[in-house]
Amino acid sequence: ARTGMELVVSTVDGESTRLELNMNAVRVGDEDSTVIVDTDYPIPLPAQGEARLRVLLAGICNTDLEILLGYKSFKGILGHEFVAEIEQFHPDDFDEYSATWPLKTRVVAEINCVSFTSLSKTHSEKAHDPNRSAAGIFGRNGAFAEFICMPISNLHKVPDSIPNRIAVFVEPLAAACEILEQVHVKGTDKIAVLGSGKLGNLVAQSLSVFHPFVTVIGRSSTHFEMFERRKIKTELIGSITSFQHYDLVVDCTGSAEGIQIACRLVKSKGTIVMKTTLQPTESSSTSSVLTESVVREIRLVGSRCGPFQVALSLLETGKVDVEPLITQEFPLIHANHAIRAASERHSLKILIDHDINPDNSAPKII
């Protein structure tokens with residue numbers, strides 16, 4: 001239940017209506033990294049060049065979990081994977097944008113945000129703009145809330161054929177698609193995806209659309225059936241006997257040791273793409289990996305955000321299947337339970353659904 005402020009305004013016909021000024025939001029605690037479900041958080045107002053979006057569905061990412069361990073020292077509203085609908089523009093922008101972006105249009109949004117006067121225009125330029133903010137990660141509130149404000153230039157329309165529970169995967173799938181934007185892969189190259197979790201699944205599926213020799217390597221066979229249904233080879237780390245075998249290795253483990261394992265798997269003069277982001281610790285050392293990379297001339301490629309239109313196309317055509325990745329759905333006000341579920345070892349994608357009745361305490365199990 002919300003106990004926030006309300007504003008009473010008069011309409012043209014003289015009737016009065018009540019506009020709520022506060023919303024439900026999930027933020028990181030100011031004093032520590034606890035999850036706070038705030039029922040009286042102020043509803044944001046869009047700046048010039050922005051739209052206020054009503055969040056429909058959001059997904060929990062490993063980065064969200066790392067933020068709760070101190071990554072980026074972020075203290076705002078969490079969440080950067082989401083699908084929403086346009087609810088409001090800045091008053092000075094309405095005439096310019098309302099025809100192209102009608103209210104209630106379903107959208108997804110690139111997470112890296114720059115000023116509407118910035119010269120950074122492409123997703124890659126925005127991702128490395130020194131003055132950027134990133135929704136739910138640093139400098140800007142995220143999508144674990146009823147509303148979020150995002151630059152209009154970051155928005156992408158969601159085709160009617162893509163339901164919300166599929167559209168919510170656009171951001172992580174786009175990150176997976178970025179690999180082929182960065183690395184030239186020959187048709188004969190052998191590719192290993194290290195990690196069989198949700199990101200590893202999206203990376204393996206997106207790569208296998210274009211390249212036949214993809215193998216997923218994991219510590220457990222728990223999720224291997226999903227890959228085998230897509231005719232993607234799988235192998236347990238403990239069963240590997242051939243090292244320095246792959247031309248390209250993508251680290252999706254979410255662990256500090258992933259890059260070390262990747263270094264053992266990749267051929268000399270091969271390429272390792274690093275998808276893992278972690279809160280640095282004193283025990284995590286990269287010196288041995290760097291030395292090995294120099295001696296064996298291994299190319300290390302950092303990889304983050306990617307092309308949303310490519311991801312939307314893969315989802316619309318069914319070339320990538322994300323439905324099996326959904327483990328559970330929770331209402332927004334039970335986000336603390338959702339984050340706890342996302343932290344469990346074999347959990348895949350946990351969703352925060354704003355349409356679930358919050359009075360029903362039981363999560364929706366898929």
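Placed above this text is the structure.
Because the structure is predicted, anything quoted here is derived from the model rather than measured. (Residues numbered from 1 in each chain as written. Predicted model: local features only at pLDDT ≥ 70, side-chain atom pairs only at ≥ 80, totals over all residues. Heavy atoms only, no water.)

In spatial order, the strands read 8-9-10; together these three strands make up an open sheet with mixed pairing. In this open sheet, the two strands that pair with only one neighbour each are strand 8 (112–113) and strand 10 (139–140). In this sheet, strand 9 (residues 133–135) lies alongside strand 8 in antiparallel orientation, the contact comprising two bridges. What sits directly across from asparagine 112, in strand 9, is alanine 134. (Pairing = 2+ DSSP bridges. Helix = DSSP H or I, 4+ residues; strand = E, 2+ residues; numbered from the N terminus.)

Counted under the stated rule, the structure contains one cavity of 30 Å³ or more. Volume-wise, the largest cavity comes out at about 50 Å³. Lining the largest cavity are Glu110, Ile111, Asn112, His123, Lys126, Glu171, Cys305, Gly306 and Phe308. Split into classes, the residues belonging to the lining of the largest cavity amount to three nonpolar, three polar and three charged. (1 Å grid on protein atoms, 1.4 Å probe; cavity = no way out; pocket = protein on both sides within 12 Å on 5 of 7 lines; lining within 4 Å. Points joined across faces, edges and corners; volume = space filled by probe spheres on them. Nonpolar A, V, L, I, M, F, W, Y, C, P; charged D, E, K, R; others polar.)

Residue position: threonine 188 is located in the loop between helix 5 (170–182) and strand 13 (191–194). Along the chain, threonine 188 and histidine 211 lie 23 residues apart, while their C-alpha atoms are 8.3 Å from each other.

Counting through the fold element by element, asparagine 112 comes out in strand 8. Within polar-contact distance, the side chain of asparagine 112 engages the side chain of arginine 304 at 3.4 Å. Residue contacts for asparagine 112: discarding those within four places in its chain leaves Lys126, Ala127, Arg132, Ser133, Ala134, Asn154, Arg304 and Cys305. (Polar contact = N/O pair within 3.5 Å; in protein donor to acceptor, adjacent residues only side chain to side chain. Contact = heavy atoms within 4.5 Å.)

Taken together, the six strands give an open sheet; going across it, the order is 15-14-13-16-17-18, and neighbouring strands pair in parallel fashion. A strand with exactly one partner marks an edge of an open sheet, and here the two such strands are strand 15 (233–236) and strand 18 (299–302). Mean inter-strand twist for the sheet, computed between neighbouring axes without regard to direction, equals 20°. Relative to strand 15, strand 14 (residues 214–218) runs parallel, the two being bridged by four bridges. When the sheet's bridge partners are listed, threonine 215 is paired in strand 15 with lysine 233. Most of the contacts of helix 6 (residues 198–210) go to strand 13, to which it runs at about 165°, and overall it touches strand 13, strand 14 and strand 16 (246–251). (Axes fitted to C-alpha atoms, helices over the stretch in contact; angles between N-to-C directions.)

We now examine helix 11 (residues 335–342). The set of residues buried in helix 11 consists of Ala335, Ala338, Ile339, Ala341 and Ala342. Considered in projection along helix 11, the buried side chains sweep an arc of 160° and stay on one side of the axis. (Buried < 20%, exposed > 50% of the residue type's maximum accessible area, 1.4 Å probe, protein only. Arc of directions from axis to C-beta.)

Assignment of secondary structure puts glutamine 205 in helix 6. Assessed through its relative accessible area of 4%, glutamine 205 is described here as buried. Among the polar contacts made by the side chain of glutamine 205, one reaches the main-chain amide nitrogen of aspartate 321 at a distance of 2.8 Å. Sequence-distant contacts of glutamine 205, defined by excluding residues within four places in its chain, comprise Arg230, Ile232, Lys319, Val320 and Asp321.

Packing of helix 5 against helix 10 (residues 308–316) brings their axes to within 8 Å, and their N-to-C directions diverge by 110°. When the axes of helix 5 and helix 10 are compared, the pair comes out roughly perpendicular. Side by side, helix 5 and helix 10 meet where Val170, Glu171, Leu173, Ala174 and Cys177 of the first sit next to Phe308, Val310, Ala311, Leu312, Leu314 and Leu315 of the second. The residue makeup of the contact of helix 5 with helix 10, split by class, is ten nonpolar, no polar and one charged. (Parallel < 35°, antiparallel > 145°, perpendicular 65-115°, else oblique.)

The next thing to look at is the pairing of strand 13. Where burial is concerned, the two faces of strand 13 agree: the one with Ile191 and Val193 and the one with Ala192 and Leu194 are both buried. Relative to strand 14, strand 13 runs parallel, the two being bridged by four bridges. Note on strand 14: the bridge partner recorded for leucine 194 is isoleucine 217. In terms of strand pairing, strand 13 meets strand 16 through four bridges, oriented parallel. When the sheet's bridge partners are listed, leucine 194 is paired in strand 16 with aspartate 251.

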